[in-house]
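The residues making up each chain are set out below.
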Amino acid sequence: LKVEQKWPDLSQYNGYGVGSLKIDGMPEELKKQAESGLALGQKKTFGLKKAKFKQAELEKDLSRLHLLLAQNGYPLAKFDVQATPDEDNDEVKLLFKVDVGPEIRVRTLKVTGTPETAQKGVDAGLKPIRMGERYSDDKLQAAEDAIEAALRAEGFAFPELRVGIAIPDSHSVDLDM
């Protein structure tokens with residue numbers, strides 16, 4: 001499930017200082033992570049007081065935000081960027097308006113092929129990810145790691161866990177391990 005998005009062309013502001021960068025509409029639990037990962041939002045880079053605007057950095061930052069949201073259950077997020085120039089100071093203020101779109105929730109979770117002796121550990125390993133909750137790459141990875149650890153604890157030296165992810169509609173995901 002992928003949304004093609006065309007980023008705005010604000011190249012007329014290349015070289016301007018970024019006076020401020022604000023993100024509206026980002027889920028609270030992701031806001032700090034989102035803000036800290038943006039190149040245009042950095043206050044000091046290489047001794048400069050403000051980040052310098054570059055179209056390429058804008059596109060990278062928007063791609064970073066899109067990836068962060070997709071990894072946390074919002075793969076259909078859309079962005080609107082507003083730029084307010086201050087010509088006198090060669091600065092531009094940026095506002096990223098985020099429409100996260102529908103949440104993707106775990107609809108089904110199926111685990112097959114595990115030995116009966118390891119089932120208790122496998123079940124415990126599934127705790128990070130639950131049906132009905134918003135999908136998260138981090139939670140899925142935590143479940144994978146815990147299941148592999150449970151299998152190793154049962155004597156399976158090199159367990160192979162394959163995860164299938166199916167997205168049947170714009171609101172849910174089916175996981176098959």
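Right above here is the structure, for reference.
Residues numbered from 1 in each chain as written. Predicted model: local features only at pLDDT ≥ 70, side-chain atom pairs only at ≥ 80, totals over all residues. Heavy atoms only, no water.

Novice: Quick rundown of helix α4 (residues 137-153)? Include the residues and the values.
Specialist: Across its 17 residues, α4 extends 24 Å between first and last C-alpha, which sits within 8% of the 24 Å expected from 1.5 Å per residue. Among the residues of α4, L140, A143, E144, I147, A150 and L151 are the ones counted as buried. In a view along the axis of α4, the buried residues occupy a sector of 130°, so they form one face of it. Projecting away from the buried face of α4 at angles above 90 degrees are the exposed residues D138 and A153. The elements touched by buried residues of α4 are α3 (119-125), β5 (164-169) and β6 (172-176). For α4, the N-terminal capping position is held by S136, with its side-chain oxygen 3.3 Å away from the main-chain nitrogen of D138. (Helix = DSSP H or I, 4+ residues; strand = E, 2+ residues; numbered from the N terminus. Expected span 1.5 Å × (residues − 1). Buried < 20%, exposed > 50% of the residue type's maximum accessible area, 1.4 Å probe, protein only. Arc of directions from axis to C-beta. Contact = heavy atoms within 4.5 Å. Polar contact = N/O pair within 3.5 Å; in protein donor to acceptor, adjacent residues only side chain to side chain.)

Novice: Requested: an account of the sheet that holds β5, with residues and values cited.
Specialist: Strand order across the open sheet formed by three strands is β4-β6-β5, with mixed pairing between neighbours. Both outer strands of the open sheet, β4 (105-110) and β5, are each paired with one neighbouring strand and no more. When strand polarity is set aside, the average angle formed by the axes of neighbouring strands in this sheet is 25°. As judged from the four bridges shared by β5 and β6, these two strands associate in the antiparallel manner. For D169, the partnering residue across the bridge sits in β6 and is S172. (Pairing = 2+ DSSP bridges. Axes fitted to C-alpha atoms, helices over the stretch in contact; angles between N-to-C directions.)

Novice: Any chance you could break down the sheet that holds strand β2 (residues 78-86) for me, citing the residues and the numbers?
Specialist: One open sheet holds the three strands; their spatial order is β1-β3-β2, and the pairing between them is mixed. Pairing within the sheet leaves two strands with one partner each, and these edge strands are β1 (17-24) and β2. Across this sheet, the average inter-strand angle for adjacent strands is 15°, counted without regard to direction. Packing against the sheet, helix α2 (residues 55-71) makes contact with β1, β2 and β3 (91-99), and its axis sits at approximately 145° to β2.

Novice: Describe in detail the environment of L10, supporting the description with residues and values.
Specialist: Position of L10 relative to the elements: it lies in the segment before β1. Under the relative-accessibility criterion, L10 is labelled buried at 10%. Considered as a pair, L10 and A56 are 46 residues apart in the sequence and their alpha carbons are 9.8 Å apart. With sequence-adjacent residues up to four places away left out, L10 is seen in contact with F53, Q55, L58, V81, A83 and L94.

Novice: Describe the nonpolar core, with residues and values.
Specialist: Ranked by internal contacts, the top residues of the largest apolar core, which has 27 residues, are F53, L65, L69 and F96. Broken down by secondary-structure element, the contributors of at least two residues to this core are β1, α1 (28-36), α2, β2 and β3. Looking at this core element by element, the count peaks at five residues for α2. Sequence-distant contacts of F96, defined by excluding residues within four places in its chain, comprise L21, K22, I23, D24, L38, L58, D61, L62, L65, D80 and V81. Counting 15 residues, the second largest nonpolar core, distinct from the first, contains I104, V106, V173 and L175. (Core = buried A, V, L, I, M, F, W, Y, C linked by side-chain atoms within 4.5 Å.)

Novice: Give me the lowdown on the environment of G41, citing residues and values where you can.
Specialist: Tracing the backbone shows G41 in the loop between α1 and α2. Looking at G41, the relative accessible area reads 25%, which means it is partly exposed. Spatially, the C-alpha atom of G41 lies 6.9 Å from that of A51, the residues being ten residues apart in sequence.

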